[in-house]
Amino acid sequence: MEKAWRTGTAFIGADIGGTNTVIGLFDEQGSPIGERRIATMRSDPRRPTSEPAAFMDRLALEIGALALEHGYRDIAAAGFGVPGWVDTAAGMALDASNMGWRNVRFAEEMSRRLGAPVYIDNDVRLYTLGEAAAGAGAGCANLVCITVGTGLSAGIMMDGALLRGSRLLAGEIGHDRVDGLDSPCNCGKRGCLETIASAPGIARLATEAVQSGKRTSLADLDRPITALDVYLACDAGDAVAADIFSFAGRTLGRKLAALALAVDPQVIIVGGGVAAAGDYLLQPVRDELAAHIPEAEWRPSVVPGKLQDKAGLVGAVRFAIGKWRQERGNEHAQSS
Ligand SMILES: [Zn+2]
């Protein structure tokens, strides 16, 4: 039997993470049609590589297969959230240190492979766009979204527009140094906020607590401690685990208080893997905001993200559809 092709327009929204990449196929309204998940670091499972060309080849194959699987011969446009320092206008991944990428012409290279326009932005900015469009920030024009996962970063939306800044570094709060901290950070400095307010940071604080002889159930584990272990211990009433989330949350809260006074968001949305710790992390953040900004009516609410790992996809596809419509509009304007 002959395959029935769809005649509608399909779009791709994808979130490239340090470990996994999630690819979503969407219709023109931004409604999801299908999804695939691939490992970011290994284009060949037997050979770990972060070589961008090999990864982009693999990505293009998966996108083609995903579209075909749902009856689409081609796609209209694709949006990608890329970690690290991204030049949106030039379509370049300037520095994604987790993957060892530097100055990768991602949009141009992927566009050539897909035969469709490709738009990119920093992953946390697109996550922010997703939560603002269809998640915990729906209806808010001014919001801050932070992701606490392998690292810590913020996306800032003001009057409905994402802030990028003069060096495209707006929101890099994870690399603000904190007095009294001295652990090495991925960025090469020591004592960055990210060295405690992140999954590896929480795990490291727990390991140090065990090594220093503190009485905690985490000492009974016979393998490296993870942030999830700390959450489970906290949930079971372990005071040392609770102190770790409290310390990380309070330190994060101090930075967010300064950010809140600078940009005056309606809401601060907390996403990323560590946000699964819920109020163990969020309540200390709220307490610290209240300590720094005693006027309740001046304070943003602090809430968990709603879309979880879908926020990046939703933001990426909305970004792509918006840019695609804008460029088509310009073409029409020029030809008429
Ligand atoms: Zn750093």
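Throughout, a residue's number is its position along its own chain's written sequence, starting from 1. Per-residue local features are limited, in this predicted model, to residues with pLDDT of at least 70; the limit for side-chain atom pairs, both in listing and counting, is 80 or more; totals at the level of whole chains, interfaces and linings are taken over all residues. Excluded from the side-chain calculations are hydrogens and water; all other atoms, namely the structure's heavy atoms, are used.

1. Focus on the pairing of strand S1 (residues 10-16)
- Relative accessibility thresholds used throughout: buried, under 20% of the residue-type maximum; exposed, over 50%; partly exposed, between the two (1.4 Å probe, protein chains only). Helix numbering and strand numbering both begin at the N terminus, where a helix is a DSSP run of H or I of at least 4 residues and a strand a DSSP run of E of at least 2. Of all seven residues that make up S1, seven are buried, and the element is covered over most of its length.
- Pairing between two strands requires that DSSP report at least two bridges joining them. Bridge count between S1 and strand S2 (residues 20-27): seven bridges; the pairing is antiparallel. Each residue of the ladder has a partner; that of Ala10, found in S2, is Asp27.
- Turn length for the S1-S2 hairpin, with the two strands adjacent in sequence and antiparallel, is three residues.
- Across five bridges, S1 lies against strand S4 (residues 77-82) in parallel orientation. By the bridge assignment, Phe11 is partnered in S4 with Ala77.

2. Let's talk about the layout of surface pockets
- Both cavities and pockets are sets of points on a 1 Å grid over the protein atoms alone; in a cavity a 1.4 Å probe fits but cannot get out, in a pocket the set is open with protein on both sides within 12 Å along at least five of seven lines, and lining residues sit with an atom within 4 Å of a point. Grid points are joined across faces, edges and corners, and a volume is the space filled by probe spheres set on the points. In this structure, the largest pocket encloses a volume near 1400 Å³.
- Lining the largest pocket we find 44 residues, and of these Pro83, Asn98, Asp123, Thr150 and Gly151 sit closest to its centre.
- If you list the elements that add at least two residues to the lining of the largest pocket, you get S1, S2, strand S6 (92-96), helix H3 (123-134), strand S9 (143-148), strand S10 (152-158) and strand S12 (267-271).
- The greatest single-element share of the lining of the largest pocket, amounting to three residues, is contributed by H3.
- We call Asp, Glu, Lys and Arg charged. Ala, Val, Leu, Ile, Met, Phe, Trp, Tyr, Cys and Pro are nonpolar, and the rest, Gly among them, are polar. Residues belonging to the lining of the largest pocket are distributed by class as follows: 16 nonpolar, 21 polar and seven charged.
- Counting the residues that make up the lining of the largest pocket, at least three belong to each of domain 1 (10-126 + 310-335) and domain 2 (139-304). Domains are outlined according to an automatic or database domain assignment.

3. Structural notes on the pattern of salt bridges
- Salt bridge, as used here: a side-chain nitrogen of Lys or Arg that lies within 4 Å of a carboxyl oxygen of Asp or Glu. Across all of its chains, the model carries 21 salt bridges by this definition.
- Note that Glu62 and Arg36 form a salt bridge whose closest N and O atoms lie 2.8 Å from each other. With Glu62 in helix H1 (residues 52-69) and Arg36 in strand S3 (residues 32-39), this pair connects stretches of sequence that are 26 residues apart.
- Residue Arg223 is joined to Asp229 by a salt bridge in which the shortest nitrogen-to-oxygen separation is 2.8 Å.
- On the basis of relative accessibility, which here comes to 43%, the residue Arg223 falls in the partly exposed class.
- Here Asp229 falls in the buried class, since its relative accessible area comes to 10%.

4. Brief notes about the side chain of Thr88
- For Thr88, the position within the fold is in the loop between strand S5 (85-87) and S6.
- The exposure class assigned to Thr88 is buried, which follows from its relative accessible area of 16%.
- Each polar contact in these results corresponds to two N or O atoms within 3.5 Å; when the atoms are within protein, one needs to be able to donate a hydrogen and the other to accept it, and residues that are neighboring in sequence are counted only if both atoms are side-chain atoms. At 3.4 Å, the side chain of Thr88 and the side chain of Arg164 are in polar contact.
- Between two residues, a contact is recorded if the distance between any of their heavy atoms is within 4.5 Å. Thr88 has contacts with Ile120, Asp121, Arg164 and Phe319, leaving out every residue within four places of it along the chain.

5. A few points about the domain arrangement of the protein chain
- In terms of domain boundaries, the protein chain breaks down into domain 1 (10-126 + 310-335) and domain 2 (139-304).
- Taken over C-alpha atoms, the centre of domain 1 sits 28 Å from the centre of domain 2.
- With both chains or domains summed, domain 1 and domain 2 bury close to 930 Å², and 51% of this area falls on carbon and sulfur atoms.
- Taken as a group, Trp85, Val124 and Arg125 account for 66% of the area that domain 1 buries against domain 2, more than any other trio of residues on that side.
- Across the domain 1-domain 2 interface, the total number found is one salt bridge.
- For Asp121, the salt bridge identified is with Arg164, shortest N-O distance 2.6 Å.
- Viewed at the interface, domain 2 and domain 1 are joined by six residue pairs in polar contact (both at pLDDT 80 or more). Accessible area, probed at 1.4 Å, shrinks when two parts are joined; the buried area is that loss added up over both.

6. Quick look at the packing of H1 against helix H2 (residues 106-114)
- Fitted lines through C-alpha atoms give the axes, limited to the stretch in contact for helices. The angle between two N-to-C directions lies from 0 to 180 degrees. Where H1 contacts H2, the two axes come as close as 10 Å, and the packing angle between them is 45°. Classified by the interaxial angle, the pair formed by H1 and H2 is oblique. The chirality of how H1 crosses H2 is right-handed. Contact with H1, carried on its side by Ala53, Met56, Asp57, Leu59, Ala60 and Ile63, involves Phe106, Glu109, Met110, Arg113 and Leu114 of H2 and no other residues of that element.
- Counted by class, the contact of H1 with H2 contains eight nonpolar, no polar and three charged residues. Here the word oblique covers every angle except those under 35 degrees (roughly parallel), over 145 (roughly antiparallel) and from 65 to 115 (roughly perpendicular). Helix crossings get a hand from a simple test, with the near helix turned counterclockwise from the far one by less than a right angle marking a left-handed crossing and a clockwise turn marking a right-handed one.

7. Some details on the coordination of the zinc ion
- Every protein donor of the zinc ion is listed here as His175 (ND1), Cys185 (SG), Cys187 (SG) and Cys192 (SG), and their distances to the metal cover 2.1 to 2.3 Å.
- Donor criterion used throughout: N, O or S atom within 2.8 Å of the metal, extended to 3.2 Å for Na, K and Ca. Water excluded; incomplete-looking sites may result. Think of it this way: with four donors and all angles in the 85 to 135 degree range, the site is tetrahedral; with four or six donors, opposite ones beyond 155 degrees and the rest between 65 and 115, it is square planar or octahedral; otherwise it is irregular. Coordination at the zinc ion is tetrahedral, judged from the four donor atoms that bind it and the angles of 105 to 121° they form at the metal.
- Written as a sequence motif, the donor arrangement for the zinc ion is H-x9-C-x1-C-x4-C.
- Residue classification places Cys187 among the partly exposed residues on the basis of a relative accessible area of 38%.

8. Quick notes on H3
- Multiply 1.5 Å by the residue count of a helix minus one, and that product is the helix's expected span. Under the 1.5 Å per step criterion, the end-to-end length of H3 is 16 Å for 12 residues, consistent within 8% with the ideal 16 Å.
- Burial analysis of H3 places 10 of its 12 residues in the buried class, the great majority of the element.
- The distance from a side-chain oxygen at the start of H3 to the backbone nitrogen of Val124 is 2.9 Å, and the residue carrying that oxygen is Asn122.

9. Section: the nonpolar core
- To define a nonpolar core, start from buried Ala, Val, Leu, Ile, Met, Phe, Trp, Tyr and Cys residues and group those joined through side-chain atoms within 4.5 Å. Grouped together as the largest cluster of nonpolar side chains are 45 residues, with contacts concentrated most on Ile146, Val230, Leu252 and Leu256.
- Where this core is concerned, the elements lending two or more residues are S9, S10, helix H4 (199-211), helix H5 (227-235), helix H6 (239-263), S12 and helix H7 (279-292).
- Broken down by element, the residue count for this core peaks at 11 residues, all from H6.
- In this structure Leu256 touches Ile146, Ile173, Ile268, Val285 and Leu289, once residues within four positions along its chain are discounted.
- Core analysis: the second largest hydrophobic core is formed by 32 residues, Ala14, Val82, Ala96 and Met110 among them.

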